[in-house]
Number of protein chains: 2
Amino acid sequence: MIQLTIDRHADEVAYRQVYRQLRAAILSGELPPETQLPPTRDLARAAGVARVTVVEAYRQLAAEGFIESRVGAGTFVAAGLNAAPADDEPVPFRPRLTEWGRRAVEVGRSARPADGARPEIDFGLGRSFAELFPYDVWRRLLARYLSTDDAMLSRYGSPAGFLPLRQAVADYLGRARGVRCAAEQVVIVSGAQQAFDILARLLLNPGDEVIVETPGYRDAFTLFQLHGARLVGLPVDDEGLPVDRIPAGCRARLAFVTPTHQFPKGGTMPLARRLALLAWARAQGALVVEDDYDGDLRYDGHSLAALQGVDSDGRVVYLGTFSKVLFPALRLGYLVLPPPLITPFVRAKDLVDRGAPTLTQAAVADFIAEGHFERHLRYLRRLYGERRAALAAALARHLGNRVRVSPLAAGLHVMVYAEEAVDEAQLVREAAAHGVRVQPGAPYHLERPAPPSLLLGFSGLDENEIVEGVRRLAEVWPPAP
Amino acid sequence: MIQLTIDRHADEVAYRQVYRQLRAAILSGELPPETQLPPTRDLARAAGVARVTVVEAYRQLAAEGFIESRVGAGTFVAAGLNAAPADDEPVPFRPRLTEWGRRAVEVGRSARPADGARPEIDFGLGRSFAELFPYDVWRRLLARYLSTDDAMLSRYGSPAGFLPLRQAVADYLGRARGVRCAAEQVVIVSGAQQAFDILARLLLNPGDEVIVETPGYRDAFTLFQLHGARLVGLPVDDEGLPVDRIPAGCRARLAFVTPTHQFPKGGTMPLARRLALLAWARAQGALVVEDDYDGDLRYDGHSLAALQGVDSDGRVVYLGTFSKVLFPALRLGYLVLPPPLITPFVRAKDLVDRGAPTLTQAAVADFIAEGHFERHLRYLRRLYGERRAALAAALARHLGNRVRVSPLAAGLHVMVYAEEAVDEAQLVREAAAHGVRVQPGAPYHLERPAPPSLLLGFSGLDENEIVEGVRRLAEVWPPAP
C-alpha cells in the first residue's frame, strides 16, 4: 500500500494532497504503468481521510490520464506511459537564440547595470513626484468608466487606440504644439519605446543607415541597431542636429531628431535648420522621426511648435508620451503618423499586442478633454521651473568654473560637460560613494571616446536635495586646471 | 499691411490666432524672407486687438525662428528660410516597407475583414459580459493604489512585471493548474499575442519549422509566419495534437499546443500523448509552447493539470491570459518560462515596451491573492456552464443530424462541423443576413480545402439569444443529405 501523508493544517485541500502524491509517485516510476491501485475505501482508511477524498483524487487522476479503471478488475496506473522520462536524468533545455535574441540580451546587459542600493540623492532620469499628480481627479475619472453597464471593459479595444483619446490628443497637439493632424493619424502605443520598435520593424532593413544626434536617445539607438540599422551620428551643437553636416553620400532613409529640446544636451533647432532637414528628407525620400519627449515642459515663454507642423509632404512621424506629465507607470504614448503609414502601423500594433488597455485610455481622454492635463502642465512648469532654477544656481555656485552646462529652457534634466581631463566613470563612482546617483554621459554618445559629461535629472528631487546633491558632487569633482 | 481675421468667440486665444495667421503667411511665401513686419502697435490697431496680443505673437514667432528683430530697423521675416518648400508642390511621402511590414499589412488585411453593422446575435469569440464582473471589488482595489503617497505610480515598473502579481500568479497556477514554478519564472505581458511575438523574435529564424495543430490558433500562426517560420500543421483528433504523426524528418525547434482544451476543436491531450510530446521535444532539442488560454474554464470536474507540470527538463513555456476570466480590455497575460529563457525574454520585453502598467498589475495581484479571482471563476463556470448547456441543447434540437459538435468540456465556444457538401462561406453570409454572426472555420485550418465548419462563441450571449441564434442558423443550414 502506497504511503500518503495528509497535512490537515495545510492550505491545500485533502483531495489535492492525495492527488499530488499519487501523481508524483506515478511520474517518478514508484508506481509503474499497469500497477493496480488500492480500492478507494482501503486507501482512505490507511491515509485517515474520508473515502470521498480519495474518490475525488482518483477521478482527477483518471481525467488527466494517469490512471484508468478496468471494469470488474479495479483501478490501474495507465499503460502507455513508458515515454515518461522519470528514470532518466533531466536533459535541461538550453535555448538557441536568434541573432535578434542574442543582441537583445547583449544590449540589455550593457544598458541596464545592476543598481544596487537606492542612493540617498537620485539624479536619475525619468523619475517623477507621485504627490504632484491630482489623484482625486484621476480616481474620479477612472471610477466613471468602472460602472457595470459600460461595455467598454468587456471588449477588445481598437489596436489604434481609444478614439476619444486619439481625438483629445489631436486637439491638444494642434492647440499646444502646432501639430497638424486628424484624430485618425494619432495612434496610441505603450510608450515611446514601442513606437521605435514598430517603426524599426516596418521601415528598417538590415544595413539601412539612420541619421541620429549624438549625444542622443540611446534607447532608440538600441532598437534601431537591433534591427540591423547602421547609425550615422552627427554631433549636435546648441541648435540640435547640424543638418548641413549630413554626409553627401549618406543614403539614410530615416532621421531621428529631437528638435524642440535636443536630448540630452538641450538646445532648440531653429526654423531654417528645420526647413533644411525637411528639404533633405524630400530629396532623399526619407522619413523624419520627431521625438517631442518633453516639448510640453518648457519654462520660458510658450512651447515651440513641432517640426511636424511645418512639414507639407507628410514626412514627419511625431512621437509624444504621457510618462512625464502624467506618470511613467501609465505606459501610454502616442504617434502622429503620415497617412500612408497609418494602416501598416496599426496592423503591426494589432499583431504585436492588440492595443493598449481601454480603461486608462478613456480616463486620459477625459483628463485632457476636460482641461486637467493643461492645468497640471502649468502647475508642473512652475514647480519644475523652480527646481531647475535651484539646480542652475547650485551648479553655478559649486561647479561654476569647472563645467559647461547645457541649455536649460525645457525638460527635466541638465547635461554637465567636464574638462577633458576628468574621468567620467570615476566621478560617477565617487558621487555614488557620497550617496549621489548621477548618469554618466558616455552611453549617450556615439563618439569614441566621448567627452566626459554627466546627466542630472531633477524631476524626482526637492530643492534641498538638489542643492545638497550638487554640493556633494562638487566635493568629488576635480578642481579646474 | 497683412490682413488678420480675429474671431473673438473662438476657443483659440487671440495671440494664437495672430501667431497662426502670420506663420501661415510666412510658410506659404505670402510674406517672403526679409519682409519687414508692421510695428506691433499698427498691426494691433488694424486687427482690432490689444497691442500685447501682437507682442506675444511676435515673441512666439521669434522664438521659433520665423521672424527676427534688427536693432533700430524693426522686425523682419527671417532670412535663410529659402529652403521652405512653400512654392513647390508637396511631394507626398510613400513609405517603403520592410518585408516584415509588407507581410504585416497583408496578414492584417486577411485576418480582419470589415465587419459592417453590429449583428443582432453575435456568436463572436473573445466577448464577455461586462455585467458579470465584480466592479465594486475592482474599484476598491484600484482605489487602494491611487493614494497620493504611493511611489508605485511615479516610477517605471519592472519589465518582468510587478513582483506581487508574479507571485500571485505562481501560487494560483501551482494550486489550480499543476504548474511548477517560482515567481521569478512568471513574466507579465500585454496579452498572449505579445508573448508569441517576443518568443518568435527570440527563437525563430527564417525557415525554421514549427509544429502546430490544425485547426488551431491562427493569430499565433500569423506571428510565427511573420518571422519566417514554416508551419508543420498536424490535423488534430479528439485528443489534440497526434504526436505520433510528427514527420520523422521534421526538424522543428518549436511545437505550439493547446493540450488542456484544443483550440478551437476541443478535446484534451491524454497523459501518454503529453509524455510522448515531451520525449519528442527532448530528442529534438525543441521547446513546447503550451497555450492554456481557457484551462480555467472547465465545467465538469476539476481543471486538468498543465503539461508544464509534468515536464522535468524545462522545455515547456506556459502561457495564460486574464482576458477571459477578468476582461479583455485589461490587456494582461503571463508566461511561465524555463529558467534559461527568463533573462532573454525580460530583456526583450524591456526593449519593446518597458513593461506593463503597474496600477492594473497591482490590482490584479490583490484580486488573485485575496481570493476574488477564484470566486469569480467559480461563478463564471456555473454561469457559462448553463449557457453551454443551452447551446448544446439548441444545437441538438435544431441541427442534430446535420452537424458534428466539438467536445464541450471547457471554454467559451463550440466548433460545429458540417457535411462536406455545405458551403461554409455562404452559410456565414446567410446567417449574417438573418442577423446572426458566426465565425467561418476555414481560417483556423491549414488544410486546403478545409472541412466546412463554424465557430460559435457563447460568452457574449444570454440563453434566449443562444437559442434564437441557433434556430436562425438552422433555417439557413442545408438539410441533411
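Computed from a prediction, not measured in an experiment: that's the story for all the values here.

**A short note on the relation of the copies chain B and chain A**
For the pair chain B and chain A, the best superposition has an RMSD of 0.1 Å and corresponds to a rotation of 180° with a translation of 0.0 Å parallel to the axis. As the rotation angle and translation indicate, the two copies are arranged about a two-fold axis. Most of the interface of chain B is mirrored in chain A: 99% of its interface residues are interface residues there too.

**A short note on the interface of chain B and chain A**
Each side of the interface is counted separately: chain B has 118 residues, and chain A has 117 residues. Approximately 10,000 Å² of surface area, both sides summed, lies buried where chain B meets chain A, with 59% of it carried by carbon and sulfur atoms. The interface formed by chain B and chain A holds four salt bridges in total. Taken together, the links from chain B to chain A amount to 24 residue pairs in polar contact (both at pLDDT 80 or more). The leading source of residues in the side of chain B that touches chain A is helix 10 (residues 339-353) of chain B, at nine residues. For the side of chain B that touches chain A, a count of residues per class yields 60 nonpolar, 28 polar and 30 charged.

**Points about unusual backbone geometry**
Between A:R448 and A:P449 the backbone carries a cis peptide bond, its omega angle lying at -10°. Mapped onto the secondary structure, A:P449 falls in the loop between strand 15 (439-440) and strand 16 (453-457). For A:R354, which is not glycine, the phi torsion reads 75° and is therefore positive. Structurally, the position occupied by A:R354 is in the loop between helix 10 (339-353) and helix 11 (358-369). Taking relative accessible area as the criterion, A:R354 reaches 12% and is therefore assigned buried. Notably, B:E34 is not glycine yet its phi reads approximately 80°, a positive angle. Note on placement: B:E34 falls in the loop between helix 1 (14-28) and strand 1 (36-37). Residue classification places B:E34 among the partly exposed positions, given a relative accessible area of 42%.

**As for the confidence of the model for chain A**
Residues and elements named next belong to chain A. Looking at chain A as a whole, its pLDDT mean stands at 88, while 93% of the residues score no less than 70. Of all secondary-structure elements in chain A, the lowest mean pLDDT belongs to helix 4 (residues 99-111), at 79, while strand 6 (residues 209-214) reaches the highest, 98. The complex prediction reports pTM at 0.88, with the ipTM value standing at 0.86.

**Topic: the packing of aromatic side chains**
A complete count under the given rule lists 28 aromatic pairs over all chains for this structure. A centroid spacing of 5.4 Å and a plane angle of 85° characterise the contact between A:Y217 and A:F263, whose relative ring orientation is edge-to-face. Taken together, the residues span a long stretch of sequence, with A:Y217 in the loop between strand 6 and helix 8 (218-226) and A:F263 in the loop between strand 8 (254-257) and helix 9 (271-284) at a distance of 46 residues. According to the relative accessible area criterion, A:F263 is buried, its value standing at 7%. Aromatic side chains B:F263 and B:Y293 sit 5.3 Å apart centroid to centroid with 85° between the ring planes, which places their arrangement in the edge-to-face category. Taken together, the residues span a long stretch of sequence, with B:F263 in the loop between strand 8 (254-257) and helix 9 (271-284) and B:Y293 in the loop between strand 9 (287-291) and strand 10 (316-321) at a distance of 30 residues. Assigned by exposure class, B:F263 and B:Y293 land together as buried. An aromatic cluster is defined as three or more aromatic residues linked by ring pairs; in this entry it consists of A:F196, A:Y217, A:F224, A:F256, A:F263, A:Y293 and A:Y444. Residue placement shows A:R218 over the ring face of A:Y444; its charged tip is 4.6 Å from the ring centre.

**A few points about the sheet that holds strand 16 (residues 453-457) of chain B**
All names here are of chain B. Taken together, the four strands give an open sheet; going across it, the order is 12-13-16-15, and neighbouring strands pair in antiparallel fashion. The sheet is open, and its two edges are formed by strand 12 (403-405) and strand 15 (439-440), each paired on a single side. Inspection of the sheet shows strand 13 (residues 413-418) paired to strand 16 by five bridges, in the antiparallel sense. Across the sheet, residue M415 finds its bridge partner in strand 16, namely L455. With respect to the sheet, helix 13 (residues 424-433) is in contact with strand 15 and strand 16, its orientation differing from that of strand 16 by roughly 40°.

**Some thoughts on helix 10 of chain B**
Along its 15 residues, helix 10 of chain B runs 22 Å from first to last C-alpha, staying within 8% of the 21 Å computed at 1.5 Å per residue. Within two residues after helix 10 of chain B, B:R354 carries a phi angle of roughly 75°, on the positive side.

The rules behind the values
- Residues numbered from 1 in each chain as written.
- Chains lettered and ligands numbered in written order.
- Predicted model: local features only at pLDDT ≥ 70, side-chain atom pairs only at ≥ 80, totals over all residues.
- Heavy atoms only, no water.
- Least-squares fit on C-alpha atoms with pLDDT ≥ 70 in both.
- Contact = heavy atoms within 4.5 Å.
- Buried area = accessible area lost by both parts, 1.4 Å probe.
- Salt bridge = Lys/Arg side-chain N within 4 Å of Asp/Glu carboxyl O.
- Polar contact = N/O pair within 3.5 Å; in protein donor to acceptor, adjacent residues only side chain to side chain.
- Helix = DSSP H or I, 4+ residues; strand = E, 2+ residues; numbered from the N terminus.
- Nonpolar A, V, L, I, M, F, W, Y, C, P; charged D, E, K, R; others polar.
- Buried < 20%, exposed > 50% of the residue type's maximum accessible area, 1.4 Å probe, protein only.
- pLDDT = per-residue confidence, 0-100.
- Phe/Tyr/Trp six-rings, centres within 6.5 Å; stacked < 30°, edge-to-face > 60°.
- Lys NZ or Arg CZ within 6 Å of the ring centre and 35° of its normal.
- Pairing = 2+ DSSP bridges.
- Axes fitted to C-alpha atoms, helices over the stretch in contact; angles between N-to-C directions.
- Expected span 1.5 Å × (residues − 1).

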